[in-house]
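Now for the letters of each chain:
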Amino acid sequence: MIGQAVNRVDGPLKATGRAAYAYEHWEAGQPLYGFIVGATIGKGRITRIDTEDAEGAPGVQLVMTYLNAPAQGPRDESIPFEYWRAQPMLTGPDIHFYGEPVALVVAETFEQARDAADLVEVEYRAGRGRFDFGEFEDDTYIPKTLNAGLPTDTAVGDFDAGFAGAEVKVDQQYTTPYEFSMPIEPNASMVAPHGDDDLVVYVSCQITDAARDSVAGTLMMAPERVHIVTPFVGGGFGSKLGIHSETILAAMAARALGRPVKVTLTRQQVFQLVGMRPTSSQRVRLGAGHDGRLAAIAHDVTMHTNPDVEYAEQTAATVRSLYAAPHRLTSHRLTALDLPRGTDVRAPGEAPGMLSVESAMDELADALGMDPVELRIRNEPTVDPERNVPYSDRHLVECLREGARRFGWENRPATPASVREGRWLIGYGMSAAIRGHFQGPTTVRVRLEPDGTAVIQTDMTDIGTGTYTILTQVGAEGLGLPLERVRIDLGRSDHPSSWGSGGSWGATNSSTAVHRACAALRTKLLDAALGDTRSPLHGQDPSAAVFSDGDVAIGGASEALREIVARHHPDGVEAEGQTRFMGDDPNYSDYSINTYGAHFAEVGVDADTAETRLRRMLSVFSVGRVFNPKTARSQLIGGMIWGVGAALEEEAVVDPRSGAFVNRDFAGYLVPVHGDIPADIDAVVLEGYDDKANPLGAKGIGEVGICGSGAAVANAVFNATGVRVRDFPITIEKLLPGLPAMV
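Residues numbered from 1 in each chain as written. Predicted model: local features only at pLDDT ≥ 70, side-chain atom pairs only at ≥ 80, totals over all residues. Heavy atoms only, no water.

### Digging into the packing of aromatic side chains
For any two aromatic rings, the description comes down to two numbers: the centre-to-centre distance and the angle of the planes. If you walk through the whole model with that rule in mind, you get 19 aromatic pairs. Taking the centre distance of 6.4 Å and the plane angle of 65° together, the rings of Tyr23 and Tyr33 count as edge-to-face. Residue Tyr23 is found in the loop between α1 (11-15) and β1 (32-38), and its partner Tyr33 is found in strand β1; the two are separated by 10 residues along the sequence. A relative accessible area of 25% places Tyr23 in the partly exposed class. (Phe/Tyr/Trp six-rings, centres within 6.5 Å; stacked < 30°, edge-to-face > 60°. Helix = DSSP H or I, 4+ residues; strand = E, 2+ residues; numbered from the N terminus. Buried < 20%, exposed > 50% of the residue type's maximum accessible area, 1.4 Å probe, protein only.)

Structure below.
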């Protein structure tokens, strides 16, 4: 079953509205509703807060502020990962960023809570905030830690000497804006008291284990008293790796009132309370010979961070494994601003980093007068250039060549701004893609019931990527069962724990654990049957066993799995499988394990208005073995489209007076819609199997689609117009002044 294009097994539930998301659970009865009141300054202190009118409003049950909030556990930075730490709320009068929660109003209905929230009176003493990245960009410091645990800075060879001696140089500054994950389902939670001391937390989250520990740490509860329920998640893209204010505030209110409390963020609140991809200023320096071979590469990144909760995106790490060059330099620096903390947004590091690096590679190709595909092939490394270890499985050159062939790259305009169709300037662009492959600790329990049905349990989440489906496929193949006899039970903290969905690790971690659990379960079943004189399999050679169609066969003898279970395990039999943290797996130190791709785009730019339209796009990927081609293609194309948005549309704008995001809705914060994306977009996956990644030979694909795809579009815009925009996104006002005059 692995490798089959199976339809989503959870599709009928979602299509008929029977899949319950965080805000839609009714098991606990009629809930109360909470609404968050946010600060209207970006820095300062509350001097007065009056809740009397709000408390007297119809239906109001509670108004919670820092004056009556319960004691909470502090953020414990000794816990290695931010998402497992306590997230205390309403802890004092100080304001750290615009929109920070200053009160929670709880009422019988959502409308009553929202109406009463307007009655909470708050007075502030405003301080001088740091809101403008450009103003403070030079005030930097070295991060304490880099996301993904990578080195903050690296140096190989002598970059200064290598760059100085290069025959052809590129030295450019690129900037990327604040960007948001913006899943369809806003962050939401319902918390219900259970028994004397327990809480049941229905929440939209990506890592169940992190959510449980974070809630427990904040409320100073034993983790086993917190029960997370998150069977369906309406998208995450990093914004739900950790929990946020809505969950903690709902939990505090539920404990105070002894009743279920629902809290969701409005779309506008998501912009202020969830975190975003940091804005960045990136200097990329490339030095090469006239033959295109790189002598020196440097990528230096400065990005914003919150002064209280540091986050350093690994933006310059992308280039470390990508191209060969003897002299190399990468660095990360942070500028503290009084804005919400940075956080993981789809393909953190690679997405903004490759937008700059792959644009710079295109600039180098233009300076050399060389085909951009050929330039990349000439700089293909034989070992990881900075770690000096072999690649586990690298087929980037094949992606480049196959993509060029399929796309018709030979028709690319050799001279920028040289091809026109009516009012449209036509251009081609391409880029390479790389994404690290990660592995985290994950445990899965597989249980075979007396009727021969398999139940797979883990706290792993499905954030819309198809986890229910691929685990069904892996379980069906592992036990030789038809799909309809495998049931997946996800998203509950009472199940074995995992690293959840994120970082492109979810599918491979959980599938590998299922694979191993099924192997252990097969061994139990075979041992029982082979040692049983009543079984047709008694005394047979276990190495010849074949599990298929609900039976196990050895030679000409066979027996139904349910018969073995009924005789030896009348209550059912189970086994567990695990993956370990990559730091404990020698493959991750002995090899450089990545996924790869090559993107090709054609754009049209209106010669009079600078309106840019994507005309077609093709990407070719190498990701090891594919569990399900249908869901894989969907993920890859979704990432490619995200890259189009990064190149042309997405940009959150900060009001430098208050620290508020001024375009905090979908009217002002633009993301690609159907009208922006042509039907002619496709993702092709090369056949592969990476035996160093895991026993299944598969690698994560959730984020490689976005890596570099924006640069392919940006490079196509340059090829169409001859105008190079380095301040992303490429908008009309940035492009129009440089358009060539047309007769």
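### A closer look at the pattern of salt bridges
Scanning the entire structure with this criterion turns up 53 salt bridges. Linking Glu574 and Arg447 is a salt bridge whose minimum nitrogen-to-oxygen distance equals 3.1 Å. Of this pair, Glu574 sits in strand β24 (residues 573-579) while Arg447 sits in strand β18 (residues 442-448), and the two are 127 residues apart along the sequence. Residue classification places Glu574 among the partly exposed residues on the basis of a relative accessible area of 33%. Classification of Arg447 as partly exposed rests on a relative accessible area of 21%. For Asp682, the salt bridge goes to Arg633, with nearest N and O atoms at 3.0 Å. One end of the pair, Asp682, is in strand β27 (residues 681-685); the other, Arg633, is in helix α16 (residues 629-648), and 49 residues separate them in sequence. (Salt bridge = Lys/Arg side-chain N within 4 Å of Asp/Glu carboxyl O.)

### Looking at the nonpolar core
Core analysis: the biggest nonpolar cluster contains 85 residues, and Leu286, Leu294, Leu364, Val713 and Leu735 have the highest contact counts within it. Looking at which element gives the most residues to this core, the answer is helix α9 (residues 350-368), with nine residues. If we ignore the near neighbours within four places in the chain, the residues touching Val713 are Ala601, Val603, Leu614, Met617, Val644, Ala647 and Leu648. Core analysis: the next-biggest nonpolar cluster, separate from the first, contains 50 residues, Val203, Leu219, Leu265 and Tyr669 among them. (Core = buried A, V, L, I, M, F, W, Y, C linked by side-chain atoms within 4.5 Å. Contact = heavy atoms within 4.5 Å.)

### A closer look at the sheet that holds strand β15 (residues 327-336)
If you trace the five strands from one edge of the open sheet to the other, you get β7-β15-β14-β13-β8, paired in mixed fashion. Edge strands, defined here as strands with exactly one partner in the open sheet, are β7 (154-156) and β8 (168-176). The sheet shows a mean angle of 10° between the axes of neighbouring strands, direction not considered. Across 10 bridges, strand β14 (residues 294-305) lies against β15 in parallel orientation. Residue pairing across strands places Ile297 opposite Arg328, the latter belonging to β15. (Pairing = 2+ DSSP bridges. Axes fitted to C-alpha atoms, helices over the stretch in contact; angles between N-to-C directions.)

### Brief notes about the sheet that holds strand β9 (residues 188-194)
Ordered by their spatial adjacency, seven strands build an open sheet running β3-β5-β1-β12-β9-β10-β11, and the pairing between neighbours is mixed. Both edges of this open sheet fall to β3 (60-64) and β11 (226-229), since each of them pairs with a single strand only. When strand polarity is set aside, the average angle formed by the axes of neighbouring strands in this sheet is 20°. Sheet topology places β9 next to strand β12 (residues 261-264); four bridges connect them, and they run antiparallel. By the bridge assignment for β12, Met190 is matched with Lys262. Contacts between helix α6 (residues 208-219) and the sheet are confined to β10 (198-203) and β11, with β11 contributing the most and set at about 145° to the helix.

### As for helix α7 (residues 245-257)
If you check α7, its first and last C-alpha atoms are 18 Å apart, about what 13 residues at 1.5 Å a residue would give, namely 18 Å. In terms of burial, α7 is largely enclosed, as 10 of its 13 residues are buried. Those residues of α7 lying buried are Ser245, Glu246, Thr247, Ile248, Leu249, Ala250, Ala251, Met252, Ala253 and Ala254. At the exit of α7 stands Gly258, carrying a positive phi of roughly 70°. (Expected span 1.5 Å × (residues − 1).)

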